[in-house]
Amino acid sequence: MKTGRVTIFDTTLRDGEQAAGAGLSAQEKLQIAKQLERLGVDVIEAGFPISSPGDFEAVQLIAKEIQGSTVCALSHANAEAIDGAWEAIREAKRPRIHVFLSASDIHLFYQLKKTREEILEMSRDMVARAKGYTDDVEFSPMDATRTEPTYIYQILEAVIAAGATTVNIPDTVGCAIPQEFGDLIEGILNNVSNIDKAVVSVHCHNDLGLAVANSLEAIRRGARQVECTINGIGERAGNASLEEIVMALKTRNDLFNLTTNIDTTQIYKTSRLVSELTGFIVQPNKAIIGANAFRHQSGIHQDGVIKKAMTYEIMDPRTVGIPASTLVLGKLSGRHAFKERLAELGHFLDEEALSHAFRAFKELADKKRAVTDRDIESLIAEELRTASEFYHLDHVEVSCGDHSIPTATVRLIAPDGQALADAALGTGPVDAVYKAINRIVRVPNELTEFTVNSVTEGIDAIGEVLIRIESNGVTYTGRGAAMDIIVASAKAYMNALNRLLAAKKARTE
Ligand code: KIV
Ligand code: ZN
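Source: prediction; values computed, not measured. (Residues numbered from 1 in each chain as written. Chains lettered and ligands numbered in written order. Predicted model: local features only at pLDDT ≥ 70, side-chain atom pairs only at ≥ 80, totals over all residues. Heavy atoms only, no water.)

Caption draft 1: Looking closely at the sheet that holds strand β3 (residues 70-76). Spatially, β1-β2-β3-β4-β5-β6-β7-β8 is the arrangement adopted by the eight strands of the closed barrel, whose pairing is parallel. With direction set aside, neighbouring strand axes in the sheet form an average angle of 25 degrees. Lying over the sheet, helix α9 (residues 211-220) contacts β6 (166-171), β7 (199-204) and β8 (225-228), oriented at roughly 165 degrees with respect to β7. (Pairing = 2+ DSSP bridges. Helix = DSSP H or I, 4+ residues; strand = E, 2+ residues; numbered from the N terminus. Axes fitted to C-alpha atoms, helices over the stretch in contact; angles between N-to-C directions. Contact = heavy atoms within 4.5 Å.)

Caption draft 2: Unusual backbone geometry, seen in detail. Its identity as a non-glycine residue notwithstanding, Asn257 has a phi of 55 degrees, on the positive side. Residue placement: Asn257 occurs in the loop between α11 (253-256) and α12 (267-278). One non-glycine residue, Asn472, lies in positive phi territory at about 50 degrees.

Caption draft 3: Spatial organisation of the pattern of salt bridges. Per the stated rule, a full pass over the model turns up 32 salt bridges. Note that Asp55 and Lys29 form a salt bridge whose closest N and O atoms lie 2.7 Å from each other. Linking Asp55 in helix α3 (residues 53-65) with Lys29 in helix α2 (residues 26-39), this pair joins segments that are 26 residues apart in sequence. On the accessibility criterion, Asp55 (8% relative accessible area) is buried. Across the pair Glu351 and Arg335 runs a salt bridge, and its minimum N-O distance is 2.6 Å. Within this pair, whereas Glu351 is found in helix α15 (residues 351-367), its partner Arg335 is found in helix α14 (residues 335-344), the two being separated by 16 residues in sequence. Relative accessible area serves as the criterion here: at 32%, Arg335 is assigned to the partly exposed category. (Salt bridge = Lys/Arg side-chain N within 4 Å of Asp/Glu carboxyl O. Buried < 20%, exposed > 50% of the residue type's maximum accessible area, 1.4 Å probe, protein only.)

Caption draft 4: Quick look at the site of ligand 1. Taken together, the residues surrounding ligand 1 are Arg14, Asp15, His98, Phe100, Ser140, Met142, Asn168, Pro170, Thr172, His203 and His205. At 2.9 Å from an oxygen atom of ligand 1 is found a side-chain nitrogen or oxygen belonging to Arg14. Between Thr172 and ligand 1, the recorded distance is 2.6 Å, taken from a side-chain N or O atom to an oxygen atom. Expressed as a share of its isolated accessible area of 260 Å², the protein-covered part of ligand 1 is 95%. Looking at the shell around ligand 1, the elements that each hand over two or more residues are α1 (12-16), β4 (95-102), β5 (137-142) and β6. (Near = heavy atom within 4 Å. Polar contact = N/O pair within 3.5 Å; in protein donor to acceptor, adjacent residues only side chain to side chain. Areas by Shrake-Rupley, 256 points an atom, 1.4 Å probe, with all protein chains shown as cover.)

Caption draft 5: Molecular detail of the nonpolar core. One finds Val167, Phe181, Ile188 and Ile245 to be the most contacted residues of the largest nonpolar core, which totals 95 residues. Counting residues per element, this core draws most heavily on helix α7 (residues 149-161), at eight residues. Here this core spans two domains, since at least three of its residues come from each of domain 1 (4-278) and domain 2 (294-324). Listed in part, the 31 residues of the second largest apolar core include Ala408, Ala424, Ala436 and Met494. (Core = buried A, V, L, I, M, F, W, Y, C linked by side-chain atoms within 4.5 Å. Domains from an automatic or database assignment.)

Caption draft 6: Looking closely at α15. The end-to-end C-alpha distance of α15 is 25 Å, a good match for the 24 Å that 17 residues give at a rise of 1.5 Å each. All of the buried residues in α15 are Leu354, Ala357, Phe358, Phe361, Leu364 and Ala365. Axial view of α15: buried residues confined to an arc of 125 degrees, hence all on one face. Residues of α15 that are exposed and point more than 90 degrees away from the buried face comprise Glu352, Arg359, Glu363, Asp366 and Lys367. Among the structural elements, α14 and α16 (373-387) are those in contact with the buried residues of α15. (Expected span 1.5 Å × (residues − 1). Arc of directions from axis to C-beta.)

Caption draft 7: The arrangement of the pairing of β5 in detail. Burial of β5 is extensive: five of the six residues sit out of reach of the surface. With six bridges connecting them, β4 and β5 associate as parallel partners. Considered in β5, the bridge of Leu101 is made with Pro141. Pairing of β5 with β6 involves two bridges; the strand directions are parallel. Note that in β6 the partner of Phe139 across the bridge is Val167.

Caption draft 8: The arrangement of the environment of Leu345 in detail. Summarising the element assignment, Leu345 is placed in the loop between α14 and α15. For the pair Leu345 and Lys269, spaced 76 residues apart in the sequence, the C-alpha separation amounts to 7.9 Å. Those residues in contact with Leu345, other than ones at most four positions away along the chain, are Lys269, Pro323, Asp373, Ile376 and Glu377.

Caption draft 9: Representation of the packing of α14 against α15 within the structure. Two elements in contact, α14 and α15, have axes whose closest approach is 11 Å; the angle formed by their N-to-C orientations is 105 degrees. It follows that α14 is roughly perpendicular to α15 by the angle criterion. Of the residues in α15, those in contact with Arg335, Phe338, Lys339 and Leu342 of α14 are Glu351, Leu354, Ser355, Ala357, Phe358 and Phe361. Of the residues in the contact of α14 with α15, the class split is six nonpolar, one polar and three charged. (Parallel < 35°, antiparallel > 145°, perpendicular 65-115°, else oblique. Nonpolar A, V, L, I, M, F, W, Y, C, P; charged D, E, K, R; others polar.)

Caption draft 10: The arrangement of the domain arrangement of the chain in detail. Here the chain is described as being made up of domain 1 (4-278), domain 2 (294-324), domain 3 (328-387) and domain 4 (392-508). Relative to domain 2, the C-alpha centre of domain 1 lies at a distance of 34 Å. Contact with domain 1, which involves six residues of that partner, is made by seven residues of domain 2. Summed over both sides, the interface of domain 1 with domain 2 buries roughly 550 Å², with 71% coming from carbon and sulfur. When residues of domain 1 are sorted by the area they lose upon contact with domain 2, Met247, Thr251 and Tyr268 head the list and together hold 66% of the total. Counting the contacts that link domain 1 with domain 2 gives three residue pairs in polar contact (both at pLDDT 80 or more). Of all the secondary-structure elements, those providing two or more residues to the side of domain 1 that touches domain 2 are α10 (242-251) and α12. (Buried area = accessible area lost by both parts, 1.4 Å probe.)

Encoded structure:
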């Protein structure tokens, strides 16, 4: 039986962030990177420095701050990009440069207009250039699953000879089927003469819903690094999901006999943070971290789980950090119980933030019979959002109905502490609120997405609003939570506007 350890390479901040509408600021990326470090990720792909000044800044920030994980920067196979990637990560404790270049005839003929010989030479030369900066160099022949295997063997042999220490096999378009992808990995291990000098990695996209299956089959056949993202976010249908791969390896250790460095109890928290900051909601039936992943609806299942959890549960929810909560807080719960609950959920607030959050909890508990963990998570997320804002929503009031013109009055607290009030009419109450806010904040933008969800079941549930706005071609996500969905909508808009203003400020600075 095989033994050993699988390196977990997280690309949430690079391939995940590439997903349409993610739009993270450098500070938000750092916040995610720190959580990935706590999760125990071996390699954090922090971004693609040459792609934009914002990405360069974020990678540089992460490289300076992260101590426990290798920090990797992606680079095109050209000198300028490699020099830029190195510039961004040079201060990292463990820096890695990841060079990629297309390898399939489809890409060579239609996109790059280069011959196989030219590609081979560029790959070798650019790996050698990266090696001049750091010992830790990764190379990816892009679109590998649509490339003739013998040509991949040649490229890999050349880049390993030039110094690549990891060779990554991407299923860029997500077309592979497990058996076939496993054969490709086995072929590489058997036919590349110097493969013992590099780690074989895989990077699977989910266009056919097979990214995790392909990754696991590759690991079974000998790959020892897997590239993945939290919640499976990424280009198009996304990347292989980190939590699914890690929990498959752990739960079916009888089959794989492999370990990872991941502290699985940090999975749920990481998933919530990524969802919160990117604005990509996790579907309820998502494996491992979806709201229904550990819920048993049918009577037979409930009966079995009550008698013995393992009758219908293959994982203990606590192993992924979902607290097995028996304690439901209510209006009589004190500050101590609230603090304990927060700690169990992984939130450790300082005294001032705790007092603020406790006041918000009491207000909620006055309106809601039972305050669940999801309510508390939503409340804390709201606290964190308002901690770093320019304009604060102080008051919102609407008048609407089937025979009246929707009207909104809002009052905001400006950065200098001044209270600014205005009113507007709209086609509906949310439109009126947004127009009233626009009369004060005056930043041109377009609303491109608006979604309302309830945090828990029941008529007294908290409503969570997710919006996206676009300004100068950049998307900003905003979230807001309140029992009144108009108030939640106003908060979400303020959150998006505040993120837009923060990005504008960072650019001018
Ligand atoms: O999907 C892909 O091919 C990539 C490479 C840059 C590794 O993301
Ligand atoms: Zn990719």
